[in-house]
Amino acid sequence: VQDYAWGSHAAIAELTGRSFPTREPEAEMWMGAHPKAPSTVKTKHGDKSLMALLKQHPHDIMGKAAAAFENRLPYLFKVLAIEEPLSIQVHPNRIQAKEGFARENHLGIPMDAAERSYRDDNHKPECICALTHFWALNGFHDRSTIIRRFRETNSSTLDNGIRELEEHADSQGLKHFLEILLNLKEIDVVNILDQAVPYAEARRSQDPVFDWMVRLHNTYPGDIGVVFPLILNLVRLNPGQAMYLPAGQMHAYLKGVGIELMANSDNVLRGGLTPKHVDVAELLNVLNFEEQPLEIIKPVKRNACQKVFPTPADEFELSIIETGAGRI
């Protein structure tokens with residue numbers, strides 16, 4: 001269990017049958033074989049690391065998949081319990097992860113250093129499935145919506161960026177806009193928020209986009225991430241619904257409890273809503289600037305007991321398995 005500040009004092013404890021509220025906020029429960037926090041397996045010879053057992057008995061544990069994934073468990077399973085919004089972030093593809101990991105190793109950046117972006121050499125496609133109502137930002141709005149919403153907030157400080165979007169209706173226009181936005185001076189960020197936040201406060205009861213802008217401002221005052229609901233799709237998943245996030249897709253999880261299944265990686269490039277390291281240049285390097293249709297995934301029945309969430313990932317498949325009388 002990872003005790004991050006944005007976690008819940010109740011959700012994971014309740015799910016696992018422990019007393020709550022917990023002393024520290026519990027944010028993520030990991031099950032898998034990532035070097036940062038591998039699971040422990042109870043054996044007749046005592047507790048052993050799942051990573052150690054995989055090294056000793058890869059084919060017994062993984063079967064034919066062992067060779068395909070170099071004897072490493074290809075996925076990481078988490079339960080997320082989000083009380084406060086997570087950072088605006090994106091994950092690299094496999095090539096970018098290998099290059100970034102090698103580069104930071106060559107530079108001698110310690111693995112636990114705050115300024116480290118690459119913790120391993122793997123990509124991180126992921127699927128999030130809601131256990132409660134789950135709020136998130138996921139993927140870019142169309143250009144016209146971004147332009148209209150920023151014009152409405154009277155954010156004159158961003159006139160140059162908005163003109164980039166108006167004059168270049170392609171991925172390069174959006175890249176230039178974000179490059180301007182994420183490299184603003186502190187005084188310019190203050191000016192933008194001084195206009196955008198009062199606008200959102202006056203309309204928060206009319207549109208959840210504006211409500212979330214106010215909530216983000218209350219949690220991260222002075223952070224440019226406050227305006228990202230104007231840029232990214234705001235989503236509310238109902239329990240049992242899921243989303244798939246490929247490499248390069250900008251997103252942020254805002255509130256709720258969910259199951260997250262992903263490739264076995266902890267690589268994150270952050271862009272806002274965080275006190276942690278933000279590497280704008282590398283984030284822009286890995287980001288996919290194409291408009292992505294927002295797709296809510298519903299489980300597909302495979303047999304009497306099992307439903308699956310279809311995704312293009314090779315490393316994992318998330319299933320719901322229900323047992324009961326008359327079911328085999």
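What comes next concerns the included structure.

Within the protein chain one finds eleven helices and 14 strands. Against the 2.2 N^0.38 benchmark of 20 Å for 328 residues, the protein chain shows a C-alpha radius of gyration of 21 Å, consistent with a compact globule. Projecting the C-alpha coordinates of the protein chain onto the three principal axes gives extents of approximately 65 × 50 × 40 Å. Looking at the 328 residues of the protein chain, the share that counts as buried comes to 50%. Counted over contacts in the protein chain with a minimum sequence separation of 6, partners at least 24 positions apart contribute 69%. Accessible surface computed for the protein chain: about 16100 Å², of which carbon and sulfur atoms make up 50%. Considering the protein chain, the positive charge centre built from 35 side chains and the negative charge centre built from 43 side chains are found 7 Å apart.

Throughout the structure, instances matching the rule amount to six aromatic pairs. Pairing Phe 140 with Phe 289 gives two aromatic rings, centres 6.4 Å apart and planes at 10 degrees, and the pair type is stacked. Of the two residues, Phe 140 is situated in strand β7 (residues 134-140) and Phe 289 in the loop between α11 (280-286) and β12 (300-301); the sequence distance between them amounts to 149 residues. We note that Phe 140, like Phe 289, is buried. Seen from their ring centres, Phe 150 and Phe 177 are 5.5 Å apart, and the 70 degrees between their planes marks the pair as edge-to-face.

This part is about the pattern of salt bridges. Throughout the structure, instances matching the rule amount to 18 salt bridges. Lys 98 is the salt-bridge partner of Asp 121, the closest N and O atoms lying 3.8 Å from each other. Here Asp 121 is found in the loop between α5 (94-106) and β6 (126-130), whereas its partner Lys 98 is found in helix α5, with 23 residues between them in sequence. Asp 121 gets classed as partly exposed once you look at its relative accessible area, which sits at 22%. A salt bridge links Asp 207 to Arg 149, with the nearest nitrogen and oxygen atoms 3.5 Å apart. Separated by 58 residues along the polypeptide, Asp 207 in the loop between α9 (186-203) and α10 (208-219) and Arg 149 in helix α6 (residues 143-152) bring together distant segments of the chain. Put simply, Glu 70, Arg 72, Lys 98 and Asp 121 are held in one network by salt bridges that share partners.

What the three strands build is an open sheet, ordered β12-β13-β14; its pairing is antiparallel. Single-partner strands in this sheet number two, and they are β12 and β14 (318-321). Note: strand β13 (residues 306-309) against β14, four bridges, orientation antiparallel. Looking at β14, one finds that Val 308 is bridged to Ser 319.

Turning next to α5. Its 13 residues give α5 an end-to-end C-alpha distance of 18 Å, which sits within 8% of 18 Å, the value for a rise of 1.5 Å per residue. When α5 is considered as a whole, its buried residues turn out to be Gln 96, Ala 97, Gly 100, Phe 101 and Glu 104. Buried residues of α5, seen end-on, are gathered within an arc of 125 degrees and therefore sit on one face of the element. Turned more than 90 degrees from where α5 packs its buried face, Ile 95 and His 106 sit exposed. Capping the start of α5, Asn 93 holds a side-chain oxygen 3.2 Å from the backbone nitrogen of Ile 95, two or three residues further along. Following α5 by one or two positions, Gly 108 has its phi on the positive side, about 75 degrees.

Moving on: the nonpolar core. Phe 177, Leu 178, Val 227, Phe 228 and Ile 231 are the most contacted members of the largest nonpolar core, which has 51 residues in total. Considering every element that reaches this core, the biggest residue donor is α9, with seven residues. Setting aside anything within four residues of it in sequence, one finds Phe 177 in contact with Ile 146, Phe 150, Leu 158, Gly 161, Ile 162, Leu 165 and Ile 231. Counting residues in each nonpolar core, the second largest holds 19 residues, with Tyr 4, Ile 82, Ala 130 and Ala 136 among its members.

What counts and what doesn't
Residues numbered from 1 in each chain as written. Predicted model: local features only at pLDDT ≥ 70, side-chain atom pairs only at ≥ 80, totals over all residues. Heavy atoms only, no water. Helix = DSSP H or I, 4+ residues; strand = E, 2+ residues; numbered from the N terminus. Rg over C-alpha atoms; globule rule 2.2 N^0.38 Å. Buried < 20%, exposed > 50% of the residue type's maximum accessible area, 1.4 Å probe, protein only. Contact = heavy atoms within 4.5 Å. Areas by Shrake-Rupley, 256 points an atom, 1.4 Å probe, with all protein chains shown as cover. Lys, Arg positive; Asp, Glu negative; His and termini not counted. Charge placed at Lys NZ, Arg CZ, Asp CG, Glu CD. Phe/Tyr/Trp six-rings, centres within 6.5 Å; stacked < 30°, edge-to-face > 60°. Salt bridge = Lys/Arg side-chain N within 4 Å of Asp/Glu carboxyl O. Pairing = 2+ DSSP bridges. Expected span 1.5 Å × (residues − 1). Arc of directions from axis to C-beta. Polar contact = N/O pair within 3.5 Å; in protein donor to acceptor, adjacent residues only side chain to side chain. Core = buried A, V, L, I, M, F, W, Y, C linked by side-chain atoms within 4.5 Å.

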